[in-house]
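Given next are the chains, with one letter for each unit.
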Amino acid sequence: MNINVGADPELFVCDARGKFISAIGMIGGTKEKPRKIRKDGCAVQEDNVACEFNIPPANEVDKFIESINFNLDYLTKVVAKKGLSLSITASAEFDLDQLKHPKAMEFGCEPDFNCWTMTYNPKPSSINRQLRSSGGHVHCEIDKPPFLFARYLDLFLGIPSITLDEDTRRRELYGKAGACRPKSYGVEYRTLSNFWLKSDELKAWVFNQVQRAHQFMIDLKFDGLDHEEKRFQHCINTSDKGLMKNIMAEYGI
């Protein structure tokens, strides 16, 4: 039986010339109090200069995709009223005139962890003060140890994403190997950017890879993949496509 999967992806907003525009004051909602747009749990919020949405957990791929598309359609209509559009971009540089609001300088108010070391990740910082990033965080409802399951998500999501997501600048701020947060329901996997919002095929891929990771963990009897710590972290953090191919071949992914 499938486990429940949710998500809270982030997106940027841009004008007709391709200039990135701050979403502050445009969408409504906050991390503490998202603005509900549907009774089942679909909600939107502002996060730094990006807009973000939440979906209810789903144990069927069609429901997972439908909730995501509902939110995308809603946000598309909201920003279109201002002559703007959504941009599914993992990292972007904002002009200084878009970063004047205090919220535009807030980063990572709640820390995340490295599932391999089981320690806090450093607070994000970048030499480029105008760089911002958008995540495609995946929420997994499991009764397994969250840090251990995140390692399997590195194998089934993080490593294969190297060829699906060409952006590498986001990792200056977020998205290194094993980035996660333990939750009361399981784990929030934070390594992926928002690239997988670009098509229904990629949305289905995320949902199905979570299910594969869960089954693979059960089949391996929770060995924790301890021996893969260095390889997996190096592969994801440096976008090493050669190593990615080797690992995927070894595990039959």
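Structure shown above.
This one's a predicted model, so the numbers in the text were calculated from it and none came from an experiment.

The subject of this paragraph is empty space enclosed by the protein. A probe as big as a water molecule, rolled over the atoms, marks out the empty space that is left. All chains considered together, the criterion is met by 1 cavity of 30 Å³ or more. There is about 60 Å³ of room inside the largest cavity. Together, Ser161, Asp165, Asp167, Thr168, Arg170, Arg171, Thr191, Leu192, Ser193 and Phe195 line the largest cavity. Broken down by class, the residue content of the lining of the largest cavity amounts to 2 nonpolar, 4 polar and 4 charged.

The next subject is the layout of surface pockets. What the largest pocket holds in volume is close to 990 Å³. Around the largest pocket, the lining is made up of 49 residues, and of these Asp8, Lys31, Gln45, Asp47 and Glu52 lie nearest the centre. Looking at the lining of the largest pocket, the elements that each hand over two or more residues are strand S1 (5–14), strand S4 (43–47), strand S5 (50–54), strand S10 (131–133), strand S11 (136–141) and strand S12 (179–183). Per element, the largest residue contribution to the lining of the largest pocket is 6 residues, and it comes from S1. Here the residues of the lining of the largest pocket are counted per class, giving 17 nonpolar, 14 polar and 18 charged. By volume, the second largest pocket is sized at about 310 Å³.

This part is about the packing of aromatic side chains. Summed over all chains, the structure comprises 13 aromatic pairs. Here Phe12 and Phe94 contribute two aromatic rings whose centre-to-centre distance is 5.3 Å and whose plane-to-plane angle is 70°, an arrangement assigned as edge-to-face. On the criterion of sequence distance, the pair formed by Phe12 in strand S1 and Phe94 in the loop between strand S7 (91–93) and strand S8 (113–114) is long-range, its members being 82 residues apart. Like Phe94, Phe12 is buried. For the pair Phe64 and Phe207, a centre-to-centre distance of 5.6 Å together with 45° between the ring planes defines the contact as tilted. Of this pair, Phe64 sits in helix H1 (residues 61–80) while Phe207 sits in helix H4 (residues 200–219), placing them 143 residues apart in sequence. Given the relative accessible area of 0%, Phe64 is considered buried. Among the aromatic residues, ring-to-ring pairing joins Trp116, Tyr152, Phe156, Phe216, Phe232 and Tyr251 into one connected group. The ring of Phe70 has Arg38 sitting right over it, with the charged end atom 4.2 Å from the ring centre.

Our focus in this paragraph is the environment of Tyr251. Within the element layout of this structure, Tyr251 appears in helix H6 (residues 241–251). Here the alpha-carbon distance between Tyr251 and Val13, two residues 238 residues apart in the chain, equals 38 Å. Beyond its immediate chain neighbours, meaning those up to four positions away, Tyr251 contacts Leu155, Phe216, Leu225, His227, Glu228, Arg231 and Phe232. Among the polar contacts made by the side chain of Tyr251, one reaches the side chain of Glu228 at a distance of 2.6 Å.

Two strands pair when backbone bridges link them, and S8 and S12 are joined in this way by 2 bridges, in the antiparallel orientation. Considered in S12, the bridge of Asn114 is made with Ala179. Bridge analysis of S12 against strand S13 (residues 186–189) gives 4 bridges, and the strand direction is antiparallel. Within S13, the residue paired with Arg181 across the bridge is Glu188. In this antiparallel pair of consecutive strands, S12 and S13, the connection spans 2 residues.

Another aspect to go through is the environment of Trp196. With respect to the helices, strands and loops of the structure, Trp196 is situated in the loop between S13 and H4. Here Trp196 falls in the buried class, since its relative accessible area comes to 0%. Note: C-alpha distance between Trp196 and Gly136 (60 residues apart in sequence) is 7.4 Å. When near neighbours in sequence (up to four residues on either side) are disregarded, Trp196 contacts Ala7, Pro9, Phe64, Ile68, Gly136, His137, Val138, Leu202, Lys203 and Val206.

With that settled, consider the nonpolar core. Counting 65 residues, the largest nonpolar core has Phe64, Phe149 and Trp196 as the members making the most contacts within it. In contact with Phe149, not counting residues within four places along its chain, are Ile3, Cys140, Ile142, Val187, Val210, Ala213, His214 and Met217. Among the nonpolar cores identified, the runner-up in size contains 10 residues, and Phe12, Phe20, Ile24 and Ala50 belong to it.

Each value, and the rule that gives it
Residues numbered from 1 in each chain as written. Predicted model: local features only at pLDDT ≥ 70, side-chain atom pairs only at ≥ 80, totals over all residues. Heavy atoms only, no water. 1 Å grid on protein atoms, 1.4 Å probe; cavity = no way out; pocket = protein on both sides within 12 Å on 5 of 7 lines; lining within 4 Å. Points joined across faces, edges and corners; volume = space filled by probe spheres on them. Nonpolar A, V, L, I, M, F, W, Y, C, P; charged D, E, K, R; others polar. Helix = DSSP H or I, 4+ residues; strand = E, 2+ residues; numbered from the N terminus. Phe/Tyr/Trp six-rings, centres within 6.5 Å; stacked < 30°, edge-to-face > 60°. Buried < 20%, exposed > 50% of the residue type's maximum accessible area, 1.4 Å probe, protein only. Lys NZ or Arg CZ within 6 Å of the ring centre and 35° of its normal. Contact = heavy atoms within 4.5 Å. Polar contact = N/O pair within 3.5 Å; in protein donor to acceptor, adjacent residues only side chain to side chain. Pairing = 2+ DSSP bridges. Core = buried A, V, L, I, M, F, W, Y, C linked by side-chain atoms within 4.5 Å.

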